[in-house]
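Observations on the model geometry
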Amino acid sequence: MKITLAKTAGFCFGVNRAVQMVYDLVDNGEKVCTLGPIIHNSQMVEELKSKGVRVVNSPDEAKLDETLVIRSHGVGKSTYESAEKVGVKVCDATCPFVAKIHKIVAEQSAAGDTILIAGDEAHHEVIGIIGHCVSDYYVFSSESELENLIENHLELKENPISVVSQTTFNAKKWENAQIFLKKVCTNAKIFDTICSATSTRQREAQELARSNDVMVVIGGRHSSNTAKLFQVCASFCQNTHLIETASELVADWFLNANNVGVVAGASTPAGIIKEVIKTMSEILQPVDEQLEEVVQKSFEEMTDEEAFEASLNSLTGEQKVCGTVVAVNASEITVDIGRGVTGYVSAEEYSSEPVDLLSEVKVDDKLNLIIMKISDQEGTAMLSKRRYDAIAGWDNIVAAKDSGEVLHGVVRDVIKGGVVVYCNNVRVFIPASQATASRNDSLEELKGTEVDFRIIEIGRGRRAVGSIRSVLREARKEAEEKVWASIAVGDRITGTVKSLTSYGAFVDIGGVDGMVHISELSWNRIKNPAEVVSVGDEIEVYVKALDTEKKKISLGYKKAEDNPWTIFQNNYNVDDVVTVKIVSMTTYGAFARIIPGVDGLIHISQIANKHVAKPQDELAIGQEVEAKITAVDLEKKRVSLSIRVLLEPEVVEEAVAEDEVVATTEEAVAEAPVEEVAEEAAE
Ligand code: SF4
């Protein structure tokens, strides 16, 4: 069993463009309503509804803060006038192929021609076309209707008439109508306005229906082009079924079948097509081990990379043109490319960067473009400047790979496994391992920034892989060499804190990292460098030591002038009375903070003018008291304080007796190294 999916299945250019416009508006945070469902697909309409997109039936129903989207079918002139009257903002997603018909009928009817339209009078596209006619018009949907029309209006045989068709009109019927008109109406101008997307789709459907036992047509039951695909398939394959979703598939349809063809209408999302193929495979697999799927990827399904590759690979020299800008609006440029062809360049196809077309492009500008799609019958073409520039830019990218040249670009996206940079309109993939200087750096922070990079690989299908890291490393190496060539002990440098460890802070001093040991961060005792500095801080450091062999730089941060003992020495003297705060107590006294970093000892004998059994009897941690500086030993970093000398003596005999004890104890304390005294105090 073989399942073959039509190459043209799924969204056509016009529908894809309209749906994309709605998503773009929603993504930009705009409130959106569409004039009728944006496509004939209830699942997608529901999805948009969940994003707040309303469906309205006329411009009057739109709210003033909403953007009203006109769908790809287009509307008559009066609808634009109504929207303007209501004051609602309009986003016109009319397919350019339909807009071309509007232009034809408006011009030809203004010139006095009677307009004949091949199509379904009730279809919105035809209603829209009629809405641009300013003279008599008639609609016919079959050869017999056309014959009757001419018989009842014999003047049409000779009067000037212009004939157009609905873009989705049946190709065979249109061919027959043209033969008839050319025979009967001597003054007829026939404009072949069937969309090639439709005719190609119908032709492919016909070919598949001829060669397959079962045909499955996927699409909305209200979609005219899906209905026509069904008609085409049914006329060549009796076993043809129209479904909207995979849940409608019936296993019995495939009994005794050797092959199945699948086609889909222009408004069928790729996700639904995929689901149908998957479900069909599941139904068929148990009975058919040889099941083969021939599935082409649609444009909508392709990743950016694949679509880009596909579009570039399919281009030939003949598809390059130079066009003259004839009109510009916010979303599209209209270009004359000669040969009677009007081209359109959407904002997305103008540049790979977001662009304001109105300020960037002027009428009469000349643009080098690539033709993506052309319809000779309609005289319209979809063009791309972005792709033209990408082709030109590609040569530079390849040359840069060989020369190692550093390129410049903007990080447009962070994707799985890396980032995407655009340079010369060429997409360059930079793997995560090559995107930042170190693996821990965030990729997200790169988004939207300008970066320098090198091309490190040119892959199949115009794939370019780059490295930002190689440029960063080189720049760092250069900076390092510069630093080592000029650095000297004692230099004062402003650096940036790059990282913290339990033993210190690493500081970037212009391309090289130096280390400030925790003991060099503060004059006070600290447990963690984070108490003093944070990553990203700009700090002034000085070079304490250099090891040129091991390439290590020791830095100092705390300044001599901030040394608390220097401050103390400059501001305090023996006999000064100071307000101090009790910070710790021990058996032989209490330590009191004079200034941060300098604590003095109030010996137990100096706490009060009476006998004190233990410091806690008279003092409490945190208490502020007045004390006199009685002795200072700057070398040993000791200060003695006394509260007692500020008090009236109470019992002289006892005090004298205690003095003897004090002297003994003070001597003991004085003998002990300051660290020991402090440690005991802390306990
Ligand atoms: S079928 Fe053709 S005319 Fe209609 S929306 Fe699609 S591309 Fe445009």
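Residues numbered from 1 in each chain as written. Predicted model: local features only at pLDDT ≥ 70, side-chain atom pairs only at ≥ 80, totals over all residues.

1. A look at the overall build of the protein
For clarity, the threshold we go by: Helix and strand assignments follow DSSP, with helices taken as H or I runs no shorter than four residues and strands as E runs no shorter than two, numbered in order from the N terminus. In this scheme the burial state of a residue depends on its C-beta neighbours within 10 Å: 20 or more other such atoms mean buried, 12 or fewer mean exposed, and anything in between means partly exposed; the C-beta positions come from the backbone. A pair of residues counts as a contact when their C-beta atoms, built from backbone coordinates, are within 7 Å of each other.
Helix and strand counts for the protein come out as 19 helices and 33 strands. The proportion of buried residues among the 683 residues of the protein is 36%. In the protein, of all internal contacts separated by at least 6 residues, the share reaching a separation of at least 24 is 66%.

2. Side note on the sheet that holds strand β19 (residues 407-415)
Condition: By the convention used here, strands pair only if DSSP detects at least 2 bridges between them. Note on geometry: axes are lines fitted to C-alpha atoms, helical ones only across the stretch in contact, with angles between N-to-C directions running from 0 to 180 degrees.
Read around the closed barrel, five strands run β19-β20-β21-β23-β22, paired in mixed fashion. Neighbour to neighbour, the strand axes of the sheet diverge by 50 degrees on average, direction disregarded. Pairing of β19 with strand β22 (residues 450-459) involves four bridges; the strand directions are antiparallel. The residue bridging His408 from the neighbouring strand is Asp452, located in β22. Relative to the sheet, helix α14 (residues 385-403) contacts β19, β21 (426-431), β22 and β23 (463-467), its axis offset from that of β22 by approximately 85 degrees. Contacting β22 and β23, helix α16 (residues 469-486) runs over the sheet at an angle of about 125 degrees to β22.

3. Focus on the nonpolar core
Nonpolar side chains in soluble globular proteins tend to be buried together. To be explicit about the condition: As used here, a nonpolar core is made of buried Ala, Val, Leu, Ile, Met, Phe, Trp, Tyr and Cys residues. They are joined through C-beta atoms within 7 Å. Residue ranges for the domains originate in an automatic or database domain assignment.
Among the nonpolar cores identified, the biggest contains 55 residues, and Val22, Val69 and Ile117 are the most heavily contacted of them. Split by domain, this core shows at least three residues from each of two domains, domain 1 (8-92) and domain 2 (96-194). Those residues in contact with Val22 that sit more than four places away from it in its chain are Val32, Thr34, Ile38, Leu48, Val53 and Val69. One finds Met215, Cys237, Val260 and Val263 within the second-largest nonpolar core, a separate group that totals 28 residues.

4. Examining the pairing of β22
Summarising the sheet, β22 and β23 pair through five bridges and their orientation is antiparallel. Counted as the bridge partner of Ile458 is Ala464 from β23.

5. Quick word on the sheet that holds strand β4 (residues 66-70)
Pairing is parallel across the open sheet formed by four strands, whose spatial order is β3-β2-β4-β5. The strands lining the two open edges of the sheet, one partner per strand, are β3 (54-56) and β5 (89-92). When the angles between neighbouring strand axes are averaged without regard to direction, this sheet yields 35 degrees. Strands β2 (31-35), β4 and β5 of the sheet are contacted by helix α1 (residues 13-27), whose axis makes an angle of about 160 degrees with β2.

6. Some points on helix α9 (residues 224-236)
In plain terms, the rule: An expected span of 1.5 Å times one less than the residue number is assigned to each helix.
An ideal rise of 1.5 Å per residue puts 18 Å on 13 residues; α9 measures up with 19 Å between its terminal C-alpha atoms. Residues Ser224, Asn225, Thr226, Lys228, Leu229, Phe230, Val232 and Cys233 constitute the buried set of α9. Those residues of α9 that are buried are in contact with α8 (196-211), β10 (214-218), β11 (240-243) and β12 (259-264).

7. Some remarks on the packing of α8 against α9
Keep this limit in mind: When an angle is under 35 degrees it counts as roughly parallel; over 145 it counts as roughly antiparallel; between 65 and 115 it counts as roughly perpendicular; any other value is oblique. By convention the crossing between two helices is left-handed if the near helix lies anticlockwise of the far one by an angle smaller than a right angle, and right-handed if it lies clockwise. Each residue is assigned to one of three groups, with Ala, Val, Leu, Ile, Met, Phe, Trp, Tyr, Cys and Pro labelled nonpolar, Asp, Glu, Lys and Arg labelled charged, and all others, Gly among them, labelled polar.
Across the interface, α8 lies against α9 with an axial gap of 8 Å and an inter-helix angle of 30 degrees. It follows from the interaxial angle that α8 and α9 lie roughly parallel. Crossing hand, α8 versus α9: right-handed. Two secondary-structure elements touch here, α8 through Thr198, Arg201, Gln202, Ala205, Gln206, Ala209 and Arg210 and α9 through Asn225, Lys228, Leu229, Val232, Cys233 and Phe236. Partitioning the contact of α8 with α9 into residue classes produces six nonpolar, four polar and three charged.

8. Quick word on the site of the ligand
For the record, the criterion: For each residue, a C-beta atom is placed from the backbone, and the residue counts as near a molecule or strand when that atom lies within 6 Å of it.
The environment of the ligand is made up of 14 residues, and the closest members are Cys12, Gly14, Cys95, Thr167 and Cys195. Of all the elements in the fold, those that place two or more residues in the shell around the ligand are α1, α4 (96-110) and α8. Its residues placed into classes, the shell around the ligand shows nine nonpolar, five polar and no charged. The two domains that each donate at least three residues to the shell around the ligand are domain 1 (8-92) and domain 2 (96-194).

9. Quick notes on unusual backbone geometry
Despite not being glycine, Asp364 shows a phi value in the positive range, around 80 degrees. Following the sequence through the fold, Asp364 ends up in the loop between α13 (357-360) and β17 (366-375).

10. Looking at the packing of helix α6 (residues 143-152) against helix α7 (residues 171-184)
At their nearest, the axes of α6 and α7 sit 9 Å apart, and the two run at 25 degrees to each other. On the basis of their axis angle, the class for α6 and α7 is roughly parallel. α7 is crossed by α6, and the crossing has right-handed handedness. Contacts from Glu143, Leu146 and Ile150 in α6 reach Lys173, Asn176, Ala177, Phe180 and Val184 in α7. Residue composition of the contact of α6 with α7, grouped by class: five nonpolar, one polar and two charged.

11. Focus on the confidence of the model for the protein
For clarity, the threshold we go by: On a range of 0 to 100, pLDDT expresses the predictor's confidence in each residue.
Summary statistics for the protein give a mean pLDDT of 84 and a share of 88% for residues scoring 70 or more. Taken as a whole, residues 295-318 scores under 50 in pLDDT and shows 28 contacts with residues more than four places along the chain or in a different chain.

12. Notes on the pairing of strand β1 (residues 2-5)
Only one face of β1 is buried: it carries Ile3 and Leu5, and the other face, with Lys2 and Thr4, is open. Pairing between β1 and β12: four bridges, direction parallel. If you follow Leu5 over to β12, its bridge partner there is Val262.

13. Looking at the environment of Pro37
Note that Pro37 resides in the loop between β2 and α2 (42-50). Beyond its immediate stretch of four places on either side in the chain, Pro37 contacts Val45 and Val55.

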